[in-house]
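What follows is the residue order along each chain.
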Amino acid sequence: MTGAPRSIGLVALVLGATLPWLAACGGPTRQQDAAATSRAGNGAAVVIADAPGRAPDPGRAVDAADALITQAIQSHTIEALAMAYIEDGRIVAVRAYGHRNAAGQALQTGTVMYGASLTKAVFAYTVMQLVDEGLVNLDAPIERYLDRPLPDYPNDSRYGPWRDLRGDERWRQLTPRILLTHRSGFGNFAFLEPDRKLRLHFDPGSRYAYSGEGLILLQFVLEQGTPRLDLGREMQRRVFDRFGMATTSMMWRPDFAANLADGLTLERRWEPHDPRSRVRAAGSMDTTIEDFARFAAGFARGDGLTPRSRAEMVRPQAPITTASQFPTLQAELPPARRRADLAAGIGMVVFDGPQGRGFFKGGHDDATGNTWVCVERRRACAVLLSNDVKAERLYPSLVRALLGETGVPYDWEYGPKSADWP
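Colleague: Would you take a moment to explain the pairing of strand β12 (residues 356-365) for this structure?
Modeller: Taken residue by residue, a regular strand's side chains alternate between the two faces of the sheet. In terms of strand pairing, strand β11 (residues 349-353) meets β12 through five bridges, oriented antiparallel. The partner of Gly-353 across the bridge, within β12, is Gly-356. Hairpin remark: β11 followed by β12, antiparallel, with two residues in the connecting loop. In terms of strand pairing, β12 meets strand β13 (residues 368-375) through eight bridges, oriented antiparallel.

Spelled out as structure tokens, the structure:
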């Protein structure tokens, strides 16, 4: 969604302060951040021109995003939102606004929030480390890693009902690359099928259709086949420990309860945070905006992966041929209507916009709305986490304020409901 150049005039009502730990992460000092926010504290209009290919000034970008969020909170348009901004692989700002629960307790930058499908991108990053170490071949059929045919494994509630695939030998065509790029042929999850049975709706690798079940299958292969690892421990060691993500986990931890975000639905109903008791590659990660900012900055810098694997994650792997991401099994568009600027990456979606190559990953449920957007050449990212799903309608404007016009395909990500979003 490139659109015409736009300017945003905003009264900067600023909330929050950058935490001291940002300086240790390569971000500004408290004094520098205070100087940046004070520019908008005098009631002057903050104007950011997001002409194609032009990035906003970092200080003004944070001011503009502050104003948008503060206005939405004060007008009761949304209840809460957390924001992080990264430029050149360095954390510039991390903020939190609003409330974390129905009692009105403040959402903080250290509040535990549900990562939802951002988990998938972190899982993909973990898998690419295994690729670098020669433990996984992206293009090897998964049957090479298993000691028996997939449908012969007993059904296990931790994974998918693989026995449902008996009689369909196409499962043998599945590879880690196909699973990580949502081309498995599965629906999103077997339990969403009318009969709750797993099936292949199309030949593996032949098209894109978002599937959490495909990620769960790759988790199964890694844990129950070769290399037979514990995914939760691997992600802890390879990702969370690496980046100092002390309040992030693939499973519930009792210490999370002290500062935890519940979720707010579109119907304005508060839902208690789900204390997930199983590691799920498709979406069990709890995190904080502080922690995920650390990961996003590290990924932007290329930390933890060989240059080849880092580049492979954001290389267009396969075309995306549908009008929107959901429903997952919708018909493909005619070739003339397909977007040439949009493709599946590994664990994320990649796009080409006015600032060049970018990527994004979302995370969503009835009471959660998350997005992570990056511009490759600037090593710049915006991370937005919210325990109020209604906050998603602000994301196009917030990403534009922080990064300038990027070309993120919000109409594909969110579907027709995004047509009237600012």
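Having put the structure on the table, let's press on.
Colleague: What is the right way to read the pairing of strand β14 (residues 380-386) from this model?
Modeller: The buried fraction of β14 is high, at seven of seven residues. Of the two faces of β14, the one carrying Ala-380, Ala-382, Leu-384 and Ser-386 and the one carrying Cys-381, Val-383 and Leu-385 are both buried. Pairing geometry for strand β3 (residues 80-87) and β14, over five bridges, is antiparallel. Looking at the pairing, Ile-86 lines up with Cys-381 of β14. Direction of pairing for β13 relative to β14: antiparallel, over a ladder of seven bridges.

Colleague: I would appreciate a short explanation of the packing of helix α4 (residues 118-132) against helix α7 (residues 231-240) in the present structure.
Modeller: The geometry of α4 relative to α7 is characterised by a closest axis approach of 10 Å and an angle of 85° between their N-to-C directions. When the axes of α4 and α7 are compared, the pair comes out roughly perpendicular. Every residue of α7 that contacts α4 at Val-122, Phe-123, Tyr-125, Thr-126, Gln-129 and Leu-130 is listed here: Leu-231, Met-235, Arg-238, Val-239 and Phe-240. Among the residues forming the contact of α4 with α7, the class breakdown is eight nonpolar, two polar and one charged.

Colleague: Before we go on, may I ask you to explain the pattern of salt bridges in this structure?
Modeller: Pairing is possible between side chains of opposite charge, provided their charged atoms come close. In the structure shown here, the tally under the stated rule is 29 salt bridges. A salt bridge links Arg-148 to Asp-147, with the nearest nitrogen and oxygen atoms 3.3 Å apart. The exposure class of Arg-148 is partly exposed, given its relative accessible area of 37%. Residue class for Asp-147 comes out exposed when judged on its relative accessible area of 54%. Salt-bridge contacts for Glu-169 lead to Arg-172; the nearest nitrogen and oxygen are separated by 2.5 Å. For Glu-169, a relative accessible area of 46% gives the class partly exposed. Owing to a relative accessible area of 29%, Arg-172 belongs among the partly exposed residues under this scheme. Within the structure, one salt-bridge network assembled from shared partners comprises Glu-133, Glu-234, Arg-237 and Arg-238.

Colleague: What is the right way to read the state of the cysteines from this model?
Modeller: By definition, a disulfide is the covalent link that joins the sulfur atoms of two cysteine residues. Per the stated rule, a full pass over the model turns up one disulfide. One disulfide bridge connects Cys-374 with Cys-381, the sulfur atoms lying 2.0 Å from each other. In this structure, the disulfide formed by Cys-374 and Cys-381 twists by about 105° around the S-S bond and is classed as right-handed. Of the two residues examined, Cys-374 and Cys-381, each falls in the buried class.

Colleague: So what exactly am I meant to see when it comes to unusual backbone geometry here?
Modeller: One can expect most non-glycine residues to show negative phi and most peptide bonds to be in trans. Of the consecutive residues Thr-226 and Pro-227, the connecting peptide bond is found in the cis state with omega at 20°. Secondary-structure assignment places Pro-227 in the loop between α6 (212-224) and α7. Of note, the amide linkage connecting Phe-326 to Pro-327 takes the cis form, showing an omega dihedral of 0°. Considering the arrangement of structural elements, one finds Pro-327 in the loop between β9 (318-319) and β10 (342-344). Its identity is not glycine, yet Ala-116 carries a phi of approximately 55°, on the positive side.

Colleague: Any chance you could explain the environment of Ala-401 here in plain terms?
Modeller: The topology assignment puts Ala-401 in helix α10 (residues 395-403). As a C-alpha pair, Ala-401 and Ala-55 span 346 residues in sequence and 9.4 Å in three-dimensional space.

Thresholds, definitions, all that
- Residues numbered from 1 in each chain as written.
- Predicted model: local features only at pLDDT ≥ 70, side-chain atom pairs only at ≥ 80, totals over all residues.
- Heavy atoms only, no water.
- Pairing = 2+ DSSP bridges.
- Helix = DSSP H or I, 4+ residues; strand = E, 2+ residues; numbered from the N terminus.
- Buried < 20%, exposed > 50% of the residue type's maximum accessible area, 1.4 Å probe, protein only.
- Axes fitted to C-alpha atoms, helices over the stretch in contact; angles between N-to-C directions.
- Parallel < 35°, antiparallel > 145°, perpendicular 65-115°, else oblique.
- Contact = heavy atoms within 4.5 Å.
- Nonpolar A, V, L, I, M, F, W, Y, C, P; charged D, E, K, R; others polar.
- Salt bridge = Lys/Arg side-chain N within 4 Å of Asp/Glu carboxyl O.
- Disulfide = S-S within 2.5 Å.

Nothing here speaks to function; it is geometry throughout.
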